[in-house]
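Per-entry structural report
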Amino acid sequence: MADLFNPIGEKVEQAVTATNGEAEDDFKPVDEIESLCMNCHENGMTRLLLTKIPYFREIIIMSFNCDHCGFNNNEIQPAGTFQLKGVHYELRLRDMEDFQRQVVKSDTATVNFIELDVEVPAGKGQLTNVEGLLTTIVDDLAFDQEKREKEAPEAAAKIAEIIAKGRKMLAGESFPFRVSVDDPAGNSFIAPDPRDGVGKWEKREYLRTPEQNGALGLADTNTEGLDDTGDIIPDQVYQFPASCPGCLHPCTTNMKMVDIPHFRQVVIMNTTCDDCGYKSNDVKTGGEVPEKGKKVTLKVKTDVDLARDILKSESCALECPELSLSVNPGTLGGRFTTVEGLLTQVRDDLHNQIFEADADEEKTKRKNDSLSDTEASRWNKFFDGLNAAIKGEKEFTIVLTDPLAASYVQSLADNPNFPDEQMTVEEYERTHEEEEDLGLLDMKTEGYENDV
């Protein structure tokens, strides 16, 4: 992705290199696709440029031109998906230099020149600057103005005032004034400047309203609706107020029930605090308590095995004998990820506890002052083996022992309901200690009403 979406400056350098014959023969900074012209129904040419806006994100610039009828069209689209929140930008223009501020307007954004009292509704996406936005508005209003003066003179007079005011703004005779871009999808942008003082450039994120989610074709994530039987609806996100365990400020917990194929329904929980940055993710399984526990053993040999889905419930113990790894129940909480993802999380959590945190992605092996050289060497050897397993350089066995049979490993057999040749699944009788730890010995399911 990073190689495809380079900044425009790098794209220009690549184009110059290609022109001079120094690049590979098949390299093209701009992709060209023959496509149908919707004006004359002949074939025209669509050109796509994949680029990255500094301080923003990746976008796709599209240009269509038809040599048969002369029709052309230009627009941009975000390369990603809708963001979690909508975004509102506001810029106060104070001099002519501010007109050159880059603006990304997606097809879901509205633009408002506040002092001009003109709002541009959501429409075609644009990559332009503030001057380009205002010039487009003035030119669009001036179009057919003569015809408007004959048919609706009162409206034409008011529009003429707006046109005159807009042209004064473009000439630099009406500073200061403000422009805002509001995008419920979160994919628009007004470029900041390091020299901006307080009150000149503002960015504000907000939660979308149910109406905005509907306009974007999204399910409302704030709904508390249930189905006809009073149960929560699968794949629908529910939000609950909560308190952050880090700073005790109010935050939101998101919950979603999903179906894992060939297993059961699970509930994914996520808590994020906007004040201190605390994040927590957990997976909880539901349903009745089975009569027996379950032990799943998987031999990991290739990258395909590392990519298997795995659900480790909070009641599950994890072991990897070849890696000298043992994780007690409840240590990681519930996790639904891949084998590689689970081992990576174990490695990162342990590394942060044993060694001092380091910003380098390679994680230098600086020991904690409380560790002896022998202990540090032992931990380094352990992490080397864990890293080799994560990279697929070492075969190992992963064992999930779950007294509630609430954990799962993806099977690659023709019938996914049965384990493949590298897996073994066995049921076992829970020990007295396991039942005591789970509180099953104190659970009364019959005749409990007589105790009230």
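The chain carries the name ZPR1 zinc-finger domain-containing protein in an unreviewed UniProt entry, which gives Triangularia verruculosa as its organism. Comment text from UniProt for the chain, heading Subcellular location (unreviewed entry), reads "Nucleus". Listed under Sequence similarities (unreviewed entry) in UniProt, the entry text for the chain is "Belongs to the ZPR1 family."

1. A few points about the sheet that holds strand 16 (residues 279–285)
Across the sheet, which stays open at both edges, the four strands sit in the order 13-14-15-16 with antiparallel pairing between neighbours. Of all the strands in the sheet, just strand 13 (237–243) and strand 16 have a single pairing partner and so form its edges. When the angles between neighbouring strand axes are averaged without regard to direction, this sheet yields 25°.

2. Brief notes about the sheet that holds strand 23 (residues 408–409)
Ordered in space as 21-18-23, the three strands form an open sheet in which the pairing is antiparallel. The open sheet is flanked by strand 21 (335–338) and strand 23, the only strands paired with a single partner. Where strand 18 (residues 309–312) lies against strand 21, four bridges are found, and the strand directions are antiparallel. Following the sheet pairing, Leu 311 is matched in strand 21 by Phe 336.

3. Brief notes about the pairing of strand 15 (residues 265–272)
Here strand 14 (residues 250–259) pairs with strand 15 via eight bridges, running antiparallel. Counterpart to Thr 253 in the pairing with strand 15 is Thr 271. As defined by bridge partners, strand 15 adjoins strand 16 across seven bridges and the pair is classed as antiparallel. In the strand pairing of strand 16, Asn 270 is matched with Asn 281. Linking two consecutive strands that pair antiparallel, namely strand 15 and strand 16, is a turn of six residues; a positive phi of about 85° is found at Gly 277 within it.

4. Re the nonpolar core
One finds Leu 93, Phe 113, Val 130, Leu 134 and Val 179 to be the most contacted residues of the largest nonpolar core, which totals 28 residues. Residue assignment for this core shows that the elements contributing at least two residues are strand 5 (86–93), strand 6 (102–105), strand 7 (110–113), helix 2 (130–142), helix 4 (153–170), strand 10 (177–183) and strand 11 (189–190). Top contributing element to this core by residue count: helix 2, with five residues. Among residues more than four places away in sequence, those in contact with Leu 93 are Asp 98, Phe 99, Val 130, Phe 175, Pro 176, Phe 177 and Val 179. Listed in part, the 26 residues of the second largest apolar core include Leu 298, Cys 320, Ile 390 and Phe 396.

5. Some thoughts on the pattern of salt bridges
What the rule picks out here adds up to 13 salt bridges. Of the charged contacts, one joins Lys 85 and Asp 274 as a salt bridge, the two residues approaching to 3.2 Å between their closest N and O atoms. Residue Lys 85 is found in the loop between strand 4 (72–78) and strand 5, and its partner Asp 274 is found in the loop between strand 15 and strand 16; the two are separated by 189 residues along the sequence. Across the pair Arg 347 and Asp 348 runs a salt bridge, and its minimum N-O distance is 3.1 Å. Through salt bridges with shared partners, a single network forms among Asp 98, Arg 101, Asp 196 and Lys 200.

6. Looking at helix 2
Residues lying three or four places apart along an α-helix face the same way, a consequence of the helix completing one turn every 3.6 residues. For helix 2, built from 13 residues, the straight-helix expectation of 18 Å at 1.5 Å per residue is met to within 8% by its first-to-last C-alpha distance of 18 Å. Every buried residue belonging to helix 2 is among Val 130, Gly 132, Leu 133, Leu 134, Ile 137 and Val 138, and all of these are buried. At the C-terminal side of helix 2, Asp 144 shows a positive phi close to 65°.

7. Structural notes on helix 4
Helix length check: helix 4, at 18 residues, gives a terminal C-alpha distance of 25 Å against a target of 26 Å (1.5 Å per residue), a fit within 8%. Residues of helix 4 that are buried include every one of Ala 156, Ile 159, Ile 163, Gly 166 and Met 169, and no others. Projected down its long axis, helix 4 shows its buried positions confined to an angular sector of 135°, all on one face. Those residues of helix 4 that are exposed and angled more than 90 degrees off the buried face are Glu 154, Lys 158 and Glu 161. Where helix 4 is buried, its residues meet helix 2, helix 3 (145–151) and strand 10. Phi turns positive, to about 80°, at Gly 172, one or two residues after helix 4.

8. Overview of the packing of helix 2 against helix 4
Where helix 2 meets helix 4, the closest approach of the two axes is 10 Å, and the angle between their N-to-C directions is 155°. Taken together, the axes of helix 2 and helix 4 lie roughly antiparallel to each other. Crossing of helix 2 over helix 4 shows left-handed handedness. Here helix 2 contributes Glu 131, Leu 134, Thr 135, Val 138, Leu 141 and Ala 142 to the contact with helix 4, which in turn contributes Ile 159, Ile 162, Ile 163, Gly 166, Arg 167, Met 169 and Leu 170.

9. A few points about the environment of Leu 332
You can see Leu 332 is positioned in the loop between strand 20 (325–327) and strand 21. As for Leu 332 and Asp 282, which are separated by 50 residues in sequence, their C-alpha atoms are 8.9 Å apart. Contacts of Leu 332, omitting those with residues within four sequence positions, involve Lys 312, Val 327, Leu 342, Val 346 and Asp 349.

10. Here's the deal with the packing of aromatic side chains
What the rule picks out here adds up to nine aromatic pairs. Taking the centre distance of 5.9 Å and the plane angle of 85° together, the rings of Tyr 89 and Phe 189 count as edge-to-face. Of this pair, Tyr 89 sits in strand 5 while Phe 189 sits in strand 11, and the two are 100 residues apart along the sequence. Phe 189 sits in the buried class, given a relative accessible area of 3%. The rings of Tyr 89, Phe 189 and Trp 201 are connected pair by pair, giving a single aromatic cluster.

About the thresholds
- Residues numbered from 1 in each chain as written.
- Predicted model: local features only at pLDDT ≥ 70, side-chain atom pairs only at ≥ 80, totals over all residues.
- Heavy atoms only, no water.
- UniProt positions renumbered as here; feature names shortened; annotations may be inferred.
- Pairing = 2+ DSSP bridges.
- Helix = DSSP H or I, 4+ residues; strand = E, 2+ residues; numbered from the N terminus.
- Axes fitted to C-alpha atoms, helices over the stretch in contact; angles between N-to-C directions.
- Core = buried A, V, L, I, M, F, W, Y, C linked by side-chain atoms within 4.5 Å.
- Buried < 20%, exposed > 50% of the residue type's maximum accessible area, 1.4 Å probe, protein only.
- Contact = heavy atoms within 4.5 Å.
- Salt bridge = Lys/Arg side-chain N within 4 Å of Asp/Glu carboxyl O.
- Expected span 1.5 Å × (residues − 1).
- Arc of directions from axis to C-beta.
- Parallel < 35°, antiparallel > 145°, perpendicular 65-115°, else oblique.
- Left-handed = near helix turned anticlockwise from the far one by under 90°.
- Phe/Tyr/Trp six-rings, centres within 6.5 Å; stacked < 30°, edge-to-face > 60°.

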